[in-house]
Amino acid sequence: MKSPSHKRYSLLIISISTPLLIGVYEDDILIKTLSSELKTSEVLLPLIMECLDNYDISKIIYTRGPGSYMAIKLTYIMLKTIEIVRCIKCVGCSGFALNGGKPIKAIGNLYFIKEKETIITKKFEQPVIMKFTLPQSIQDLELDEESTPEYVLPAV
């Protein structure tokens, strides 16, 4: 059941950590939240297709990093395909915009942190509690010029 075309619908996808979160936005206001603990490779496409079947989506925003490289790659490939096949604009945003600027898990006890405009990795002895949230409005969400994944590789 598609919605009337006079409303603008957008998706915001946070796939860089668990749980995977998808927000459906009507005129930039959150109207529906989907969440899953399953792997991005198992659940993302069915959830996106459910949204595309029920709403006239005109834009998809995703967290392009930093975070799980596999999830970022899978999400980008799926969204780029949807952008080409369905002509739905795909844009990126920083994961830091959706977790209050807190450290984002990299690998082991390494976390990505943002210092001014630079993303670096930092070791934390204790696990950092971080939670991503879907904002009630995406009107002021800072979108990146780039939609390609933002890979920040920690030093080995």
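For every chain, the first residue of the written sequence is number 1, and numbering continues from 1 along that sequence. Local features are withheld for residues below a pLDDT of 70 in this predicted model, meaning they are given only at 70 or higher, and side-chain atom pairs are given and counted only at 80 or more; totals for whole chains, interfaces and linings count all residues. Hydrogen atoms and water are omitted, and side-chain values are computed over all heavy atoms in the structure.

**Points about the overall build of the chain**
And step 1. In this description a helix means any DSSP run of H or I spanning at least four residues, a strand means any run of E spanning at least two, and both kinds are numbered starting from the N terminus. The number of helices and strands found in the chain is 2 helices and 8 strands.
And step 2. In the chain, the succession of helices and strands from N to C terminus is β-β-β-α-β-α-β-β-β-β.
And step 3. Atoms considered for the radius of gyration are the C-alpha atoms alone. The globule rule reads 2.2 Å times the number of residues to the power 0.38. In terms of overall dimensions, the chain is globule-like: its C-alpha atoms have a radius of gyration of 15 Å, near the 15 Å expected for 156 residues.
And step 4. Principal-axis analysis of the C-alpha atoms gives the chain an extent of 50 × 30 × 25 Å.
And step 5. Scored against the burial criterion, the 156 residues of the chain give a buried share of 45%.
And step 6. Contact between two residues is taken to exist if any of their heavy atoms lie within 4.5 Å; hydrogens are not considered. Pairs at least 24 residues apart make up 66% of the contacts formed inside the chain by residues separated by at least 6 positions.
And step 7. The accessible surface values rely on the Shrake-Rupley method and a 1.4 Å probe; as for residues, cover is taken only from the protein chains in view. For the chain, the exposed area adds up to about 8,700 Å²; of that, 55% sits on carbon and sulfur atoms.
And step 8. Distance between charge centres in the chain, computed from 18 positive and 18 negative side chains, equals 4 Å. The cut-offs for exposure are 20% and 50% of the maximum accessible area for each residue type, with area from a 1.4 Å probe on protein chains only; residues under the lower value are buried, those over the upper are exposed, and the others partly exposed. By the counting rule applied here, Lys and Arg register as positive and Asp and Glu as negative, while His and the ends of each chain are not counted. Every charge is mapped to an atom, namely NZ of Lys, CZ of Arg, CG of Asp or CD of Glu.

**Focus: the pairing of strand E5 (residues 89–93)**
And step 1. With 4 of 5 residues buried, E5 lies mostly within the body of the structure.
And step 2. When the strands point away from the viewer, a crossover counts as right-handed if the path from the first strand over the helix to the second runs clockwise. On the question of chirality, the crossover connecting strand E4 (residues 57–63) to the parallel E5 by way of helix H2 (residues 69–86) is right-handed.

**Details of the packing of helix H1 (residues 40–54) against H2**
And step 1. Between H1 and H2, whose axes approach to 10 Å, the crossing angle comes to 30°. If you check the angle between H1 and H2, you find them roughly parallel. Considering only the axes of H1 and H2, their crossing is right-handed. Judged by residue contacts, Thr40, Ser41, Leu44, Leu45, Ile48, Met49 and Leu52 of H1 engage Ala71, Leu74, Thr75, Met78, Leu79, Ile82 and Arg86 from H2.
And step 2. Of the residues in the contact of H1 with H2, the class split is 10 nonpolar, 3 polar and 1 charged. Helix axes are fitted to C-alpha atoms over the stretch in contact, other axes to C-alpha atoms as well, and angles between N-to-C directions run from 0 to 180 degrees. In these notes the angle categories are as follows: under 35 degrees is roughly parallel, over 145 is roughly antiparallel, 65 to 115 is roughly perpendicular, and the rest is oblique. Handedness of each helix crossing follows the sense of rotation of the near helix against the far helix: counterclockwise by less than a right angle gives left-handed, clockwise gives right-handed. The nonpolar class holds Ala, Val, Leu, Ile, Met, Phe, Trp, Tyr, Cys and Pro. Asp, Glu, Lys and Arg form the charged class, and all remaining residues, Gly among them, are polar.

**Section: the sheet that holds strand E2 (residues 20–26)**
And step 1. When DSSP finds at least two bridges between two strands, those strands are taken to pair. Ordered by their spatial adjacency, 5 strands build an open sheet running E3-E2-E1-E4-E5, and the pairing between neighbours is mixed. Whereas interior strands pair on both sides, the edge strands pair on one side only; in this sheet they are strand E3 (29–36) and E5. The average angle at which neighbouring strand axes cross in this sheet is 20°, direction not considered.
And step 2. Here 5 bridges tie strand E1 (residues 9–14) to E4, and the two strands are oriented parallel to one another. Bridge pairing in E4 links Tyr9 to Ile57.
And step 3. Lying on the sheet, H1 is in contact with E1, E2, E3 and E4; it crosses E2 at an angle near 15°.
And step 4. Across the sheet, H2 is in contact with E1, E4 and E5; its angle to E4 comes to roughly 165°.

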